[in-house]
Number of protein chains: 2
Amino acid sequence: MAARRKTGNVTLKDIAQATGFSANTVSRALADKPDISEETKAVIREKASQMGYIANALASFLRSGVSRNIAILVGDISNPHFSVMVKEMQTLLQRRGYNSIIFNTEEKAAVEKQAITTSLSQNVDGIILCPAPGGEENIRFLQMHGKPFVMIGRHFSGEDASFVICDDVHGGYAAARYLLDRGHKDILFLNGPRGISSSAERLEGYRAALEEKGIAYRSELVQTVPVTSRRGTEKMRDILSQRAECTAVLVFNDILAWQVICILGELGRKVPEQCSVVGFDNIKYPYPVHLTSVSSSKTTMAKRSVEILLKKLEGQKGAGEECVVLETDVVEGGTVAVLNEKR
Amino acid sequence: MAARRKTGNVTLKDIAQATGFSANTVSRALADKPDISEETKAVIREKASQMGYIANALASFLRSGVSRNIAILVGDISNPHFSVMVKEMQTLLQRRGYNSIIFNTEEKAAVEKQAITTSLSQNVDGIILCPAPGGEENIRFLQMHGKPFVMIGRHFSGEDASFVICDDVHGGYAAARYLLDRGHKDILFLNGPRGISSSAERLEGYRAALEEKGIAYRSELVQTVPVTSRRGTEKMRDILSQRAECTAVLVFNDILAWQVICILGELGRKVPEQCSVVGFDNIKYPYPVHLTSVSSSKTTMAKRSVEILLKKLEGQKGAGEECVVLETDVVEGGTVAVLNEKR
DNA sequence: CTGTTAGCGCGTTCAT
DNA sequence: ATGAACGCGCTAACAG
């Protein structure tokens, strides 16, 4: 039995004693350095495995300055939009030898700040984050600390930082256009919170589509809805019962869109016959009826963001910032009806 | 500007130099130890915050042996059943000053083993895991290493280990009984993989219910379905098209249950009129139609498992193993019909 | 109340 | 090809 210390684990020193080599040689053998003879490596590896050696990653970091840990910050891991991306990123990072630490920001800048601080204190090598509303300060904080990071799904104008987003202007435009083309004129837009690019840009697209069709923009038809709390449901219920004139609803994300469908049902309005609904994110729910939704390339976002971050970490010095804008479009489901009325 | 080292961060030493105290005094002041004068603490805290000091958690661990990191291992974070629990656990852990590191095991013992090894190498203080099929070996591995852990959702008989599970025997019984009471006799059971307690125990309950009703158990009506891969869908399609005589399907989890509903739709069978479906996990999807499903107290599982783990970590020595079995029952939705046929 | 010493486990550097 | 010395940043243990 090996000597047991504070952590109760087998250390390099234990293997050194057991094999007669120095701790150093053991370290280099296990790291497969070229200056150790194959013979020695074999002996050491054998002994290490036999003793159940597990390297202490934390001590290793302390010396090398590399933790091979990446932090992933998202608004809410229980939202499939995020959990699917997170899972994908984890897989990709794992494959490249990185672990990931996941944080929920609850879409609050203060919580995000806390998550970033913890990430820094855990010495993650880099961060992938979907920034919370009003989190510009946090981005500057990261930049100040020189910690490599990539934003996904949202960005802040003015910051020179890498991001991978969807073309939200076009997304908002395409969704509105899709509804307008099917005869809808009064389109309620239940948008996400202010302070994030996706809300602002989708609205921009929505307005552009209206304008193009010569339909007046009515600000009372655009409302902001909380994305994480239960209060969002209440607010949507209020709005929907007051806006019965709307023949279609465009909703910030698919979860909320489904909630809208439920609320409409409670209000006695059948979807899509009496009201059409379009969401964002195109989450592949296993449900007989598919939601008509604006696509977001979750797999691509995950892939590109990991690539960009790792290039920053491993690439030659100062790989510049990369900004990726992915295409997006309406994916047809069964929640939109064509209006025939001639008036 | 403070001196910058390998990690580029402000260290205790920097604060020591800036304030004229020793690194040690700074450490103890920031840790709010009682043997430092309030005055000194104030000075040091002020300076630390001004310099943007962020403690190096890894170095801290190396010395103290406490990382305040917990690993959470689940089959698939993109499954709401897990992501909801994970989120809840994260919140609770955070509140107690712990970070969490999440791993997907893909329901494979080998991947789980890897996740455990990484967790150990990251020196997490403890682990909460939903063990993968055939992962008994991994549990023994954890026990061998003396790493505190709690299993959730599943357990292995014979291991003296803490776990928090649902009463799956009763869950299987209640679900079958619910269908039998509504006139269903040919109940297809699409069960989870062998090698986990939930599959085995639900089957046990299913059989007990049949027996109680004097209905013969037909092994061809019980099939195992992969829970993570896309192959599960294919397999279910095959089975469902061959078992048209069944008037009801009991499915291992809600995701698969919804897939079953979709497949039945493709096969021209309407739910619940032509076939009833019951799932497990009672996931709160925001759909207009609710799935009839066997409840699982996700919040309670999360809460209890965190409690038990933290008691092990912080409590007086040798807090014994705790086994919690939570009640479960059928939650009515709209996917089960009452059979009227008199034959 | 505060400073000094020491060492957690590892990897880098230099010497042999 | 291998070993010895050193230090990453922090805190436990002891001095005073």
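Rules behind the numbers
Residues numbered from 1 in each chain as written. Chains lettered and ligands numbered in written order. Predicted model: local features only at pLDDT ≥ 70, side-chain atom pairs only at ≥ 80, totals over all residues. Heavy atoms only, no water. Helix = DSSP H or I, 4+ residues; strand = E, 2+ residues; numbered from the N terminus. Rg over C-alpha atoms; globule rule 2.2 N^0.38 Å. Contact = heavy atoms within 4.5 Å. Areas by Shrake-Rupley, 256 points an atom, 1.4 Å probe, with all protein chains shown as cover. Lys, Arg positive; Asp, Glu negative; His and termini not counted. Charge placed at Lys NZ, Arg CZ, Asp CG, Glu CD. Near = heavy atom within 4 Å. Polar contact = N/O pair within 3.5 Å; in protein donor to acceptor, adjacent residues only side chain to side chain. Nonpolar A, V, L, I, M, F, W, Y, C, P; charged D, E, K, R; others polar. Least-squares fit on C-alpha atoms with pLDDT ≥ 70 in both.

Looking at an unreviewed UniProt entry, chain A carries the name HTH lacI-type domain-containing protein, with the source organism given as Eisenbergiella tayi.

> Looking at this structure, how should I read the overall build of chain A?
When helices and strands are tallied, chain A shows twelve helices and twelve strands. The C-alpha radius of gyration computed for chain A amounts to 26 Å, which surpasses the reference 20 Å derived for 343 residues by more than 25%, pointing to a less compact arrangement than a globule. Taking the principal axes of the C-alpha coordinates as reference, chain A spans close to 90 × 40 × 30 Å. At a minimum sequence separation of 6, the contacts of chain A that also span at least 24 residues come to 67%. As displayed, chain A has an accessible area near 15,200 Å², and 49% of this comes from carbon and sulfur atoms. Looking at charge distribution, chain A has the averaged site of its 43 positive side-chain charges lying 5 Å from that of its 40 negative ones.

> Would you take a moment to explain the protein's contact with DNA strand C for this structure?
Taken together, 27 residues are adjacent to DNA strand C, and A:Asn24, A:Arg63, B:Asn24, B:Thr25 and B:Arg63 come closest. Within 4 Å of the protein, the contacting atoms of DNA strand C are 58% sugar and phosphate, with bases supplying the remainder. A distance of 3.1 Å separates a phosphate oxygen of DNA strand C from a polar atom in the backbone of B:Ser37. Take B:Arg63: an N or O atom from its side chain is 3.2 Å from a base nitrogen of DNA strand C. For the surface near DNA strand C, the elements supplying multiple residues, two or more each, are helix 2 (23–30) and helix 4 (57–64) of chain A together with helix 2 (23–30) and helix 4 (57–64) of chain B. Of all the elements, helix 4 of chain A adds the most residues to the surface near DNA strand C, at four residues. The residue inventory of the surface near DNA strand C, partitioned by class, reads eight nonpolar, twelve polar and seven charged.

> In this structure, what is going on with the relation of the copies chain B and chain A? I would like to understand it.
With an RMSD of 0.1 Å, the operation that places chain B on chain A is a rotation of 180° combined with a shift of 0.0 Å along the axis. The two molecules are tied by a two-fold rotation axis, judged by turn and shift. Among all C-alpha atoms of chain B, that of B:Ile101 lies closest to the rotation axis, at 2.5 Å. Same-surface contact between copies: 98% of interface residues of chain B are shared with the interface of chain A.

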